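Next come the chains, spelled out residue by residue.
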Amino acid sequence: MRKSSGIAMTLFSAFGGILFGYDIGTISGILRMDDWLRTFGDPVLGEQGEDPRFELPTALESVVVSILFAGTFVGALVSGPVGDILGRRAGIMVACVVFSLGIALQTGASTFHTFVVGRFFAGAGVGFVSTLVPMYQSECAPKRIRGAVVSSYQWAITIGTLVASVVDNATKDRANHSAWRIPIALQFIWACTLFMGMLALPETPRWLIKKGCRDAATKSLSRLMGLDGDHSEVQKELDQISTSLAEETEMGQSTYRDCFRSSPNKIALRTFTSILVISLQQLIGVVFIGSYGTTFFANAGVKNPFLVSVAVNVVQMGMTLPGIYGVERLGRRPLLIGGAIVTSLCAYLIAILGVTTSVHDIAPQRGVIALVAIFYAAYASTWGPVAWVIPSEIVPLNVRAKVVSLSVAIHWLCTWAVSFASPYLANSGPGDAALGVKIFFIWGSTSAVSALFAFFCVPETRGLALEQIDLVYLYSTPLKSARYVREVVRDAELEKQVQPLTDSNASLGGS
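Cut-offs used in this document
- Residues numbered from 1 in each chain as written.
- Predicted model: local features only at pLDDT ≥ 70, side-chain atom pairs only at ≥ 80, totals over all residues.
- Heavy atoms only, no water.
- Helix = DSSP H or I, 4+ residues; strand = E, 2+ residues; numbered from the N terminus.
- Rg over C-alpha atoms; globule rule 2.2 N^0.38 Å.
- Buried < 20%, exposed > 50% of the residue type's maximum accessible area, 1.4 Å probe, protein only.
- Contact = heavy atoms within 4.5 Å.
- Areas by Shrake-Rupley, 256 points an atom, 1.4 Å probe, with all protein chains shown as cover.
- Lys, Arg positive; Asp, Glu negative; His and termini not counted.
- Charge placed at Lys NZ, Arg CZ, Asp CG, Glu CD.
- Expected span 1.5 Å × (residues − 1).
- Core = buried A, V, L, I, M, F, W, Y, C linked by side-chain atoms within 4.5 Å.
- pLDDT = per-residue confidence, 0-100.
- Phe/Tyr/Trp six-rings, centres within 6.5 Å; stacked < 30°, edge-to-face > 60°.
- Polar contact = N/O pair within 3.5 Å; in protein donor to acceptor, adjacent residues only side chain to side chain.
- Axes fitted to C-alpha atoms, helices over the stretch in contact; angles between N-to-C directions.
- Parallel < 35°, antiparallel > 145°, perpendicular 65-115°, else oblique.
- Left-handed = near helix turned anticlockwise from the far one by under 90°.

Novice: Quick rundown of the overall build of the protein chain? Include the residues and the values.
Specialist: Helix and strand content of the protein chain: 22 helices and two strands. Taking 24 Å as the expected radius of gyration for a compact globule of 511 residues, we find that the protein chain reaches 24 Å, a close match to that expectation. Expressed along its principal axes, the backbone C-alpha trace of the protein chain runs to roughly 100 × 45 × 45 Å. For the protein chain, the proportion of its 511 residues judged to be buried stands at 56%. Counted over contacts in the protein chain with a minimum sequence separation of 6, partners at least 24 positions apart contribute 77%. Working note: accessible area of the protein chain is about 20400 Å², and carbon and sulfur atoms make up 65% of it. One finds the centroid of the 39 positive side-chain charges in the protein chain at a distance of 4 Å from the centroid of its 36 negative side-chain charges.

Novice: Before we move on, could you go through helix α17 (residues 362-380) and cite the residues and values that matter?
Specialist: One turn of an α-helix holds 3.6 residues; hence residues three or four places apart share an orientation. The end-to-end C-alpha distance of α17 is 27 Å, a good match for the 27 Å that 19 residues give at a rise of 1.5 Å each. Listed as buried for α17 are P364, Q365, V368, L371, V372, A373, F375, Y376, A377, A378, Y379 and A380.

Novice: Residues and numbers for the nonpolar core, please.
Specialist: Among the nonpolar cores identified, the biggest contains 118 residues, and W36, F115, W383 and F440 are the most heavily contacted of them. A total of twelve residues in this core trace back to one element, the largest contributor, which is helix α6 (residues 112-140). Residue contacts for W36: discarding those within four places in its chain leaves I30, L31, G41, L56, V64, F115 and W180. Counting residues in hydrophobic clusters, the runner-up holds twelve residues, among them I209, M225, L238 and I241.

Novice: So, the confidence of the model for the protein chain: which residues are in play, and what are the values?
Specialist: With 91% of its residues at a pLDDT of 70 or more, the protein chain shows a mean pLDDT of 85. Segment residues 504-508 is flagged for pLDDT under 50; beyond a separation of four residues in sequence, or across chains, it makes zero contacts in the model.

Novice: Give me the packing of aromatic side chains: which residues, what numbers.
Specialist: This model, assessed by the stated rule, comprises 17 aromatic pairs. Plain terms: the ring middles of W36 and F40 are 5.2 Å apart, the flat faces sit at 50° to each other, and that makes the pair tilted. Placement of both W36 and F40 in helix α3 (residues 34-40) is noted, with a separation of four residues, approximately one turn of the helix. Each member of the pair, W36 together with F40, is buried. On the basis of an interplanar angle of 65° and a centroid distance of 5.4 Å, the ring pair of F40 and W180 is categorised as edge-to-face. In this pair, F40 is assigned in helix α3 and W180 in helix α8 (residues 178-185), connecting sequence segments 140 residues apart. Of the two residues, F40 and W180, both sit in the buried class. Through pairs of rings, three or more aromatic residues link up here, namely W36, F40, F115 and W180.

Novice: I'd like to hear about the side chain of R206, residue by residue, with values.
Specialist: Counting through the fold element by element, R206 comes out in helix α10 (residues 205-210). A relative accessible area of 4% means that R206 is categorised as buried. A polar atom in the side chain of R206 sits 3.4 Å from the side chain of E237. Side chain to side chain, R206 and E467 meet in a polar contact 3.0 Å long.

Novice: Kindly report on the packing of helix α13 (residues 267-283) against helix α19 (residues 397-426), identifying the contributing residues and their values.
Specialist: Remark: α13 packs on α19, axes separated minimally by 8 Å, with the N-to-C direction vectors making an angle of 30°. Between α13 and α19, the interaxial angle falls into the category roughly parallel. For the pair α13 and α19, the sense of crossing is right-handed. Together, T271, S274, I275, I278, S279, Q281, Q282 and L283 of α13 and V403, L406, S407, V408, I410, H411, C414, T415 and V418 of α19 make up the contact between the two elements.

Dropping the structure here:
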């Protein structure tokens, strides 16, 4: 029971994913709401005798969506030093305060500029959370379920996206500002819940060891493991963390420059792997559907794009659960490789179907919706959760906060680039590329590149303690890592079975 409470504490921090998922999900619908367009858009004259309609120019639409990711980029960069100085737990609480400031500005906005500034601050809070929550989880979770626990962060993102699409659909027809202010203001609830919950959670034992607080680390780890502080398992893990940190410190790995230096334990390779795996997660194309899904479905001829977005988000949330299960049963590498292959095939088929058929034909519409759902299902069960796991576990403790914050910052930079460029690529206005559904040819290609990257560069780490991952980089390669990991896990199990006998013989000899 006590061990279960420790796992529950670690899982709660995943609630931070709702902040990001809800925000990106709600803006997709808000961009199509009549009152929001009347407030911030430009009037466009209709046919003679018709009332003018309001639209947001492509440039401003791009700014509204992408400015969030500019904020996340800044927040992710700053979160590394903050997480090292204040701790992972306190850093998450700071994120909630910054995020709430952004929500307050958006909710009370009466001008476009105020709304955009609010989006930036909300993004900064999300940037903090997206760096520190997976790091907090990986440093607190038991090794046997670490991947599943960190993957729960992605599940929280999908829950937030689904809730946002449901709320948008419920308020979209309101004739006043409440149509868009209610969905935005609800985010105060998510921030307050996370802040209050983190007050009751312990700091990570690995950060406390790094700060020289052995007693506090013992107390934290005993809570997480559900064991007394003087239990042999608690003390053994603390010793292992301390030894690993001492070895890293002797190698001088503590600055951003050290993250890219060649070393026996391949720090540079681990840094680049961390950066690329989490960046490719967004370059697959899910940002386009998440941010512009409602608009895309409407342009594709779908009669009720809001409901389709809800259905797609249900698929995404539901299919994240097999990913959480599979990351520990199947491993990291198979999910990443297989998921990228499926998303590549789906993206190419969506593009081909859109190019060769008319938007007025119902059958192709249904085909596009089905393929988008399969695309999302493949992403949600593979790259969605697993891409958060890899950076948080393959990097040594001494530079973990720096590498993860840098990786997440570049992840958000890629997200910003996709969200900023997407309307120019997909829309058909003056100066736009007017690709429309052909934009999925791009996502199919990036998915294919992601599959190749995962095959050649991402090692298997299932079942290893964070401190054991060094062994994979010292004595194996990504292509041979699965076999090597099985040997390490088997040897560890044998040692665990032999240890009680050794201790028993020692006590008998002493008596």
